[in-house]
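Reading the structure
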Amino acid sequence: MLPASIQITGELLSAAEVQDICESLKEDSVRLLSVRGCQLSDRDFGHVCRGVAESRSLAQLNLNLGVVSSISRTRHLADALKTNRSLQTLFLHGSPLLDAGLVTLNPALSTHPTLVCLDLGDCMLGDEALGLICGMLPPDGAKSGLRELTLSANPGISSKGWARLAIAVAHSSQLRVLNLDYNPLGDQIAGMLAVAVASSRTLEVLDLEGTGLTNQSAQVFLDMVENYPTSLRVLVLAENSISPELQQQICDLLSEGEEDDRDAPPLRVGRNGCDPFKYTLSLFDPTDFSTQVVLLTSDVGESLLAETEL
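Rules used throughout
Residues numbered from 1 in each chain as written. Predicted model: local features only at pLDDT ≥ 70, side-chain atom pairs only at ≥ 80, totals over all residues. Heavy atoms only, no water. Pairing = 2+ DSSP bridges. Helix = DSSP H or I, 4+ residues; strand = E, 2+ residues; numbered from the N terminus. Axes fitted to C-alpha atoms, helices over the stretch in contact; angles between N-to-C directions. Core = buried A, V, L, I, M, F, W, Y, C linked by side-chain atoms within 4.5 Å. Buried < 20%, exposed > 50% of the residue type's maximum accessible area, 1.4 Å probe, protein only. Domains from an automatic or database assignment. Expected span 1.5 Å × (residues − 1). Bend = angle between axes of the 7 residues up to and from the residue. Contact = heavy atoms within 4.5 Å. Salt bridge = Lys/Arg side-chain N within 4 Å of Asp/Glu carboxyl O. Parallel < 35°, antiparallel > 145°, perpendicular 65-115°, else oblique. Left-handed = near helix turned anticlockwise from the far one by under 90°.

Under an unreviewed UniProt entry, the name given to the protein is Leucine rich repeat containing 73, and the source organism is Takifugu rubripes.

1. Observations regarding the sheet that holds strand β2 (residues 30-34)
Across the sheet, 9 strands lie side by side as β1-β2-β3-β4-β5-β6-β7-β8-β9; this open sheet has parallel pairing. Looking at strand neighbours, the two that pair on one side only are β1 (4-7) and β9 (234-236), the edges of this open sheet. The sheet shows a mean angle of 5° between the axes of neighbouring strands, taken without regard to direction. Inspection of the sheet shows strand β4 (residues 89-91) paired to strand β5 (residues 117-119) by 3 bridges, in the parallel sense. When the bridges of β5 are listed, L90 appears paired with L118.

2. Focus: the nonpolar core
L33, L92, L120, L151, L165 and L208 are the most contacted members of the largest nonpolar core, which totals 81 residues. Two domains each provide a minimum of three residues to this core, namely domain 1 (1-121) and domain 2 (125-260).

3. Observations concerning helix α4 (residues 98-111)
With 14 residues, α4 extends 20 Å between its outermost C-alpha atoms, agreeing within 8% with the 20 Å of an ideal straight helix rising 1.5 Å per residue. Of all bends in α4, the biggest is about 50°, found at L105, and the proline P107 comes one to four residues later. Where α4 is buried, its residues contact α3 (71-83), β4, β5 and α5 (127-134).

4. Description of the pattern of salt bridges
Tallying each qualifying case throughout the model produces 4 salt bridges. The shortest N-O distance in the salt bridge between R73 and D42 comes to 2.7 Å. Separated by 31 residues along the polypeptide, R73 in helix α3 and D42 in helix α2 (residues 42-54) bring together distant segments of the chain. Overall, the relative accessible area of 6% leaves R73 in the buried class.

5. What to know about the packing of α3 against α4
Relative to each other, α3 and α4 sit at 10°, their axes nearing to 8 Å. One element, α3, and the other, α4, form an angle in the roughly parallel class. Facing I71, T74, R75, L77, A78, L81 and K82 of α3, the residues of α4 in contact are A100, G101, T104, L105, A108 and L109.

6. What about α5?
Inspection of α5 places A129, L130, G131, I133 and C134 among the buried residues, and these make up the whole buried set. If you follow the buried residues of α5, they end up packed against α4, β6 (148-150) and α6 (159-171).

7. Comments concerning the packing of α4 against α5
At a minimum axis separation of 8 Å, α4 and α5 run at an interaxial angle of 25°. Our classification of the angle between α4 and α5 gives roughly parallel. Viewed along their axes, α4 and α5 form a crossing whose handedness is left-handed. In this structure, α4 contributes D99, L102, V103 and N106 to the contact, and α5 contributes D127, E128, A129, L132 and I133.

8. Focus on the environment of L232
Along the chain, the position of L232 falls in the loop between α8 (215-227) and β9. For L232, a relative accessible area of 4% translates into the label buried. Through-space distance from the C-alpha of L232 to that of S200 is 8.8 Å; in sequence the pair is 32 residues apart. Excluding its chain neighbours within four sequence positions, the residues that come into contact with L232 are V197, L203, E204, V205, L206, M224 and L254.

This is the structure:
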């Protein structure tokens, strides 16, 4: 029997339900586990983490919206990740990790052999945490690193921190998707990111929705996509002070580049690549299992899981 999915949202989990989850994990019968926004005791959370540690089938774990609510839970999760060898995608969006939590998780995250997608949006992170995250984007010739990274809504990160990330992105040999929406970046940081995008040979999706940009940033990106070769295929600039005309020009140029790249796998994007629903790349190997998971993010910053049959 192929591994299945367990998806529960916003419920109070009973001890019996937690036991069922743990047994399924230990039996290697779960590929996707989502307890997004659920409430469970610290003891039961520890039980789930031990199940994650023992599972050899779990590929995606969604603990979004405050499930990892304390440093003790962060330690439980870190211990589980040190033992687990199957996880590819980890969602922690909306968890109050702070820098201290990322320090706790970093040894496990940075050495995990299969983790390629990480969502740390709205986790109250600062520059110290971002420095550790940059270490998960190794340069060319180094070890494999993240292919998809979400850092939405972390306003505690300074311009210095974002500049450091831009350097890491420019030299990353793996990163394909970067979501920075709803951070107060401004035009200066956007300019640094444009240089990083131009330097990157892998980055295909950049989400800068609601990041305080103006036409100045849009002109920089327009010049980049118009005059320089780039791997970028989707650039999200909604909810910024940017004229619709400039946004459409950029979208049209990126769409032309996508049409020219006949060998590239299709991206799931909306109308002309500019739909407020942004479909990130699925990073699972479709030959492994019968299902593929795609992360959808709407214009209100809410993340939903959509599972589509191949």
